[in-house]
Every structure is written in structure tokens, then in C-alpha cells.
Amino acid sequence: QVQLVESGGGLVQAGGSLRISCTASGRTFRNYVMGWFRQGPGKEREFVATISRIGSRTSVADSVKGRFSVSRDNAKNTVYLEMNSLKPEDTAVYYCAAATPMYSDILTSTEYPYWGQGTQVTVSS
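Residues numbered from 1 in each chain as written. Predicted model: local features only at pLDDT ≥ 70, side-chain atom pairs only at ≥ 80, totals over all residues. Heavy atoms only, no water.

*Asks:* Would you mind showing me how to read the pattern of salt bridges here?
*Replies:* Any two side chains of opposite charge can pair, on the condition that their charged atoms come close. For the structure on display, the rule yields 5 salt bridges. Asp-90 is the salt-bridge partner of Arg-67, the closest N and O atoms lying 2.7 Å from each other. Taken together, the positions of Arg-67 in the loop between strand S6 (58-60) and strand S7 (68-73) and Asp-90 in the loop between strand S8 (78-83) and strand S9 (92-99) put the pair 23 residues apart, joining distant regions of the chain. Each member of the pair, Arg-67 together with Asp-90, is buried. Each member of the salt-bridge network shares a partner with another, and the members are Arg-38, Glu-46, Arg-67 and Asp-90. (Salt bridge = Lys/Arg side-chain N within 4 Å of Asp/Glu carboxyl O. Helix = DSSP H or I, 4+ residues; strand = E, 2+ residues; numbered from the N terminus. Buried < 20%, exposed > 50% of the residue type's maximum accessible area, 1.4 Å probe, protein only.)

*Asks:* Before we go on, may I ask you to explain the pairing of S9 in this structure?
*Replies:* Successive residues of a regular strand alternate their side chains across the two faces of the sheet. For S9, a buried count of 7 out of 8 residues is recorded, marking the element as mostly surrounded by other parts of the structure. Inspection of the sheet shows strand S4 (residues 33-39) paired to S9 by 7 bridges, in the antiparallel sense. The partner of Met-34 across the bridge, within S9, is Ala-98. Of the strand pairs in this sheet, S9 and strand S11 (residues 119-124) are connected by 3 bridges, and their pairing is antiparallel. When the bridges of S11 are listed, Val-93 appears paired with Gln-120. Examined bridge by bridge, S9 and strand S10 (residues 114-115) share 2 bridges and lie antiparallel to one another. (Pairing = 2+ DSSP bridges.)

Dropping the structure here:
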């Protein structure tokens, strides 16, 4: 198992930037595909970004493409979500997730077995 703890959320003005982090417990972090999801007020949880085990492949949602990027540091057991040009509609609780899919090196669905507790990101207009 792996435990995930997000950090770095907060309040930012529209157009601003924020980097949130997710740190995992254990020594097998590099075995996990990592994902970022978000859930806004009254909305369903949606995919934001995913990154492969060694960081060689990433995918981001169309809604954040060109503004958000995902990266990881396996030596620090940490995955990052860099968010630029933030918009009020980016306001949400952001969750990181971990999975070990057998046949894929990234995962864009919510089929992750391990989730963090979430960190709030609020973008003011």
C-alpha cells in the first residue's frame, strides 16, 4: 500500500500560479503511475493529469492543457502539479492518486486504488 499526502493548496488570484505537491510513503513510489484529479463545488471528480512511473510520459486534460503540467521526483517520493494562468473555474479540491496498471504507463480514468485526502485550491476573480 501507499499513503498519499497533498500540500501546497491555497488562495490565488486569477492569472496567478500555484504548485501543489503530493508525497507518498514507502520505498516503491517509482512503481506507481500517478494522477491528479479535482472536484469543484457541485461537480463530479474529474481527471487533470497523469504521469508514468519514470516521468517519461504525461497527459493532461484538455481543460488545463497549456496551463498545467505534471512532474515527479522519485528520489523524493513526490509528484507535482504546476498550475499557471489560473482561472476561477479551476477552484476545486485537488487529489493525487496512485495505481499500478498492468498494461498502461499512464491512467486517465478514476480507477486508482489509492487516494490522498485532497488540498483546496481557490482562485479568486
